[in-house]
Amino acid sequence: MPQSSAYGEEFGKRLRARSAVFFRSLQNTNIAVTEVRSDDPEHGTSGSQIREDAFVVALQLVDYPVHEWFEDERVAPVTSLRAGETTIYDMKRNPQFTINNPFHSVHFYFPRAALNLIADGAEARQISELRYRPGVGVDDSTIRALVTSLMPAFDHPEQASRVFVEHVTMAVGIHAAKTYGGMQLVVRPLRGGLAPWQMRRTEETLAANLEGDVSLADLANDCGVSLAHFSRAFRRSTGLSPHQWLLKRRVDEAKSLLRDQTLSLSDVALSCGFADQPHFTRVFAKLTGLTPGAWRRNLQ
């Protein structure tokens, strides 16, 4: 895979910031989401970026009062970024900024090849460019909501489900392609979910990986369909996203194990793919209305 400085540890180094990343290989390209944060940064210009045919869609988590932005070493008008605003960077143009304040943001990395895979899945025209004003933030409530849902994965990566992280990352890519790339989604009748053999194979794979260590791309490949088609067809067949289905399956398995009074709640949690007992309790209570302990006591 060609080198990139637009996500992960290398991205953090060029911003002189701490970084945490989730990424996925997708048909000879990568998509990624990186959290970067610097509470007491060294002032100066951020490191030069490797030029590549890719875009970064970022959400600012704190105010950045004086935003001095450069593309191809040309300065853009100085702006003020507010927490909750979205910015877009074209990595072909070597985007840089002046580091003069603490910063905290989440960056989604999409090569053009990945955006075109999204367009192909929607049977839409390929994406030529993402429209944006250099260095200017926009109020995008969809991006803000998606990032909010993803922050617990950065706070507790040991509890993060790859299926969920990829689901959110793909949702950001689809939204960016449609909102800023002009992609027109094809509206089809609500039919054509997964075939019975595809549904059976998907359920078997998810059930065998209750810890969530399986990717949407792998599930789609097993079914011989595109990632976008798989996500739509799975929801059409089940009424749930793969992540929601997996959580429900974990809880169903937990109910079976809770009948065995010799097993501790912690043992049940780990057996069903939860990171720990508090994570198990939160998910179980959300789906059933009872804590695991209360549910077990009702059996008596």
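Please read these numbers as outputs of a predicted model, since none were measured by experiment.

What follows concerns unusual backbone geometry. You will see that Arg16, though not glycine, has its phi angle at about 55°, which is positive. Topologically, Arg16 is positioned in the loop between helix H1 (8–14) and strand S1 (18–25). Classification of Arg16 by relative accessible area gives partly exposed; the value is 30%. One non-glycine residue with positive phi stands out, namely Asp72, at about 50°.

Glancing now at empty space enclosed by the protein. One way to see where empty space is left: roll a probe the size of a water molecule over the atoms. Scanning the model with the defined rule gives one cavity of 30 Å³ or more in all. In this structure, the largest cavity is lined by 17 residues; those nearest its centre are Leu15, Trp69, Tyr89, Phe97 and His107. Secondary structure elements with two or more residues in the lining of the largest cavity: strand S5 (64–67), strand S10 (96–99) and strand S11 (103–111). Of the residues forming the lining of the largest cavity, the biggest block, three residues, is contributed by S11. A class-by-class count of the residues in the lining of the largest cavity yields ten nonpolar, seven polar and no charged.

For a regular strand, side-chain orientation follows a simple rule: the groups alternate between the two sheet faces. The element strand S2 (residues 30–38) is largely enclosed, with a buried count of eight among its nine residues. Of the pairings in the sheet, the one linking S2 to S11 comprises seven bridges and is antiparallel in character. Following the sheet pairing, Val36 is matched in S11 by Ser105.

The next subject is the sheet that holds strand S7 (residues 74–75). Ordered in space as S3-S10-S6-S7, the four strands form an open sheet in which the pairing is antiparallel. A strand with exactly one partner marks an edge of an open sheet, and here the two such strands are strand S3 (44–45) and S7.

This part takes up helix H6 (residues 216–223). If you check which residues of H6 are buried, you get Leu216, Ala217, Leu219, Ala220 and Cys223. Down the axis of H6, the smallest arc covering the buried residues is 160°, so these residues share one side. Gly224 lies just past H6 and shows a positive phi near 70°.

Now for the nonpolar core. Ranked by internal contacts, the top residues of the largest apolar core, which has 49 residues, are Val57, Phe108, Leu115, Leu130, Leu150 and Phe230. In this structure, Phe11, Val56, Tyr89 and Met91 belong to the second largest nonpolar core, which totals 20 residues.

All right, on to the pattern of salt bridges then. Across all of its chains, the model carries 17 salt bridges by this definition. The residue Arg162 makes a salt bridge to Glu166 at a minimum N-O spacing of 3.9 Å. In this pair, Arg162 and Glu166 both sit in helix H4 (residues 162–179), four residues apart, roughly one turn of the helix. Owing to a relative accessible area of 32%, Arg162 belongs among the partly exposed residues under this scheme. Residues joined by salt bridges that share partners form a network here, namely Asp53, Glu71, Asp90, Lys92, Arg93, Arg112 and Glu129.

For the pair helix H5 (residues 196–207) and H6, the least separation of the axes is 9 Å and the interaxial angle reads 145°. Crossing handedness for the pair H5 and H6: right-handed. Listed contacts from H6 to Trp197, Gln198, Arg201, Thr202, Thr205 and Leu206 of H5 are Leu219, Asp222 and Cys223.

Basis of the calculations
Note on numbering: residues in each chain are counted from 1, in written sequence order. Residue-level local features of this predicted model are given only where pLDDT is at least 70; pairs of side-chain atoms are given and counted only at 80 or more, and the full residue set underlies all totals for whole chains, interfaces and linings. Remark: hydrogens and water are excluded; side-chain values derive from all non-hydrogen atoms of the structure. Each helix is a run of DSSP H or I of at least 4 residues and each strand a run of E of at least 2, with the numbering of both proceeding from the N terminus. Relative accessibility thresholds used throughout: buried, under 20% of the residue-type maximum; exposed, over 50%; partly exposed, between the two (1.4 Å probe, protein chains only). Using only the protein atoms, space was sampled on a 1 Å grid; points where a 1.4 Å probe fits but cannot get out form cavities, open sets with protein on both sides within 12 Å along at least five of seven lines form pockets, and lining residues are those with an atom within 4 Å of a point. Grid points are joined across faces, edges and corners, and a volume is the space filled by probe spheres set on the points. Residues are grouped as follows: Ala, Val, Leu, Ile, Met, Phe, Trp, Tyr, Cys and Pro are nonpolar; Asp, Glu, Lys and Arg are charged; all remaining types, including Gly, are polar. Two strands make a pair as long as DSSP finds a minimum of two bridges between them. In this context, the arc is that of the directions from the helix axis out to the C-beta atoms. For our purposes a nonpolar core is just a set of buried Ala, Val, Leu, Ile, Met, Phe, Trp, Tyr and Cys residues, chained together by side-chain atoms within 4.5 Å. The salt bridge criterion pairs a side-chain nitrogen of Lys or Arg with a carboxyl oxygen of Asp or Glu, the two atoms within 4 Å. Under this scheme, a helix contributes an axis fitted over its contacting stretch, all axes are lines through C-alpha atoms, and angles between N-to-C directions fall in the 0 to 180 degree range. The hand of a helix crossing depends on one turn: near helix anticlockwise from the far one by less than a right angle means left-handed, and clockwise means right-handed. When checking whether two residues touch, look at their non-hydrogen atoms; a contact exists if any pair is within 4.5 Å.

Taken by themselves, the reported measurements are silent on function.
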